[in-house]
Each structure stands twice: as C-alpha cells, then as structure tokens.
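Structure assessment
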Amino acid sequence: MRTISKCISIVSIAIAASLGAAQADDDPIGDRQAIMSSVGAAAGLGGGLMKGEIAYSPAAGKAAIAAMRAASLTFGDYFPDGSNTGDTEAAPAIWDNRAGFDAEIAKFAAATGTAMEAAGRAGPADLDAFKAAMGPVFGTCKSCHEGFRVKN
C-alpha cells in the first residue's frame, strides 16, 4: 500500500508542477524548481526501487518514469534570458552554452521517451526491466547536472 500511495503522490506532483509551470510565466526560476521537485521525487522512488528499499511493482515503476517524462517535455522552456540570477542552482553555462544545454535536455527527453515505450501501459514487468528503462534516464540527469548545475 505504501508503494501505491507513493506512486500516486509522484504522479500528482508531476501533474501539478507541469500545470503550474504552464500557467506561471512570470517566475521561471520557481517554475523550474517545481518541475525539478517532481524529478527529485521520481528519482527518489526510482532509486528506492532499484536499491530494494521499496518493493517493486509495475505501477511504481511506471509512476517514476511518467513523472520524469512529464518533466522532460517542459523543463527546458524555463530558462529564458534573465533567469540566471536569484535563488537558482542553474549554472551560467546554460546561457553561455545554450546549444550544449539544449542537447542535454533533448537527451533527457529521448531517454524518458524510450523508457515510457519500454514501460508499456502497465509499467515495467519486473525490477530488471525497470532498471533497463530507468538507468539511461538517470544517466542523462547526471550528465546535465555535471555541466549545468551549481550546488548552492
């Protein structure tokens, strides 16, 4: 039951973040932080599943992948010129190397698209299938954070 509740929470966060971000154009930093919160929650669920800290179920796997997919489709839109100052962990490299950042976002979207296809309607059938689908997604997160994120 805990896994199902956590799955519902992950999906709810992803949907709320996506809808709120689409409607609030005056705060791109807050919008991208909300989206990244949904990514963090999905990563927590996915990592917990992979480590065996949370019992695997196809629904939980699908929830983690779906939240990542939703974020990948909108996240790159919330880095307009002028949104590089303030309470943000966005590195100056995002604006200095826009093509490189856009390429990272495209890799994230491609990896989550592939993961969604692999997950099917019900979610990855077992933990090994989930790991195969989610591993490349986590790889894109790491790659982007290495070049385009500053820890405050």
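What you are looking at is a predicted structure, and each value in this text was computed from that prediction instead of being measured.

Turning our eyes to something else, we now look at the pattern of salt bridges. Enumeration over the complete set of coordinates arrives at three salt bridges. A salt bridge links Glu 104 to Lys 107, with the nearest nitrogen and oxygen atoms 3.2 Å apart. You can see Glu 104 and its partner Lys 107 sitting in helix α5 (residues 98–119), three residues apart, about one turn around the helix. Using a relative accessible area of 10% as the deciding quantity, one classes Glu 104 as buried. The salt bridge partner of Glu 146 is Lys 142, with a shortest N-O separation of 3.9 Å. In this pair, Glu 146 and Lys 142 both sit in helix α6 (residues 127–148), four residues apart, roughly one turn of the helix. Given the relative accessible area of 61%, Glu 146 is considered exposed. Judged by its relative accessible area of 56%, Lys 142 is exposed.

Our focus in this paragraph is the environment of Phe 75. Here Phe 75 lies in the loop between α3 (58–74) and α4 (93–96). Residue Phe 75 is classed as buried on the basis of its relative accessible area, which comes to 10%. For the pair Phe 75 and Ile 35, spaced 40 residues apart in sequence, the C-alpha to C-alpha distance is 6.7 Å. Leave out the neighbours within four places in its chain, and Phe 75 touches Arg 32, Ile 35, Met 36 and Ile 105.

UniProt annotation of "binding site: heme c" (unreviewed entry) refers to Cys 141, Cys 144 and His 145 when read in the numbering used here. Of the annotated positions mentioned, Cys 141, Cys 144 and His 145 line the largest pocket. In this fold, Cys 141 is placed in helix α6. In contact with Cys 141, other than residues within four places in its own chain, are Met 68 and Phe 108. Tracing the chain through its elements places His 145 in helix α6. A residue is classified by how much of its surface remains accessible, and His 145, at 33% relative accessible area, is partly exposed.

What counts and what doesn't
- Residues numbered from 1 in each chain as written.
- Predicted model: local features only at pLDDT ≥ 70, side-chain atom pairs only at ≥ 80, totals over all residues.
- Heavy atoms only, no water.
- Salt bridge = Lys/Arg side-chain N within 4 Å of Asp/Glu carboxyl O.
- Helix = DSSP H or I, 4+ residues; strand = E, 2+ residues; numbered from the N terminus.
- Buried < 20%, exposed > 50% of the residue type's maximum accessible area, 1.4 Å probe, protein only.
- Contact = heavy atoms within 4.5 Å.
- UniProt positions renumbered as here; feature names shortened; annotations may be inferred.
- 1 Å grid on protein atoms, 1.4 Å probe; cavity = no way out; pocket = protein on both sides within 12 Å on 5 of 7 lines; lining within 4 Å.

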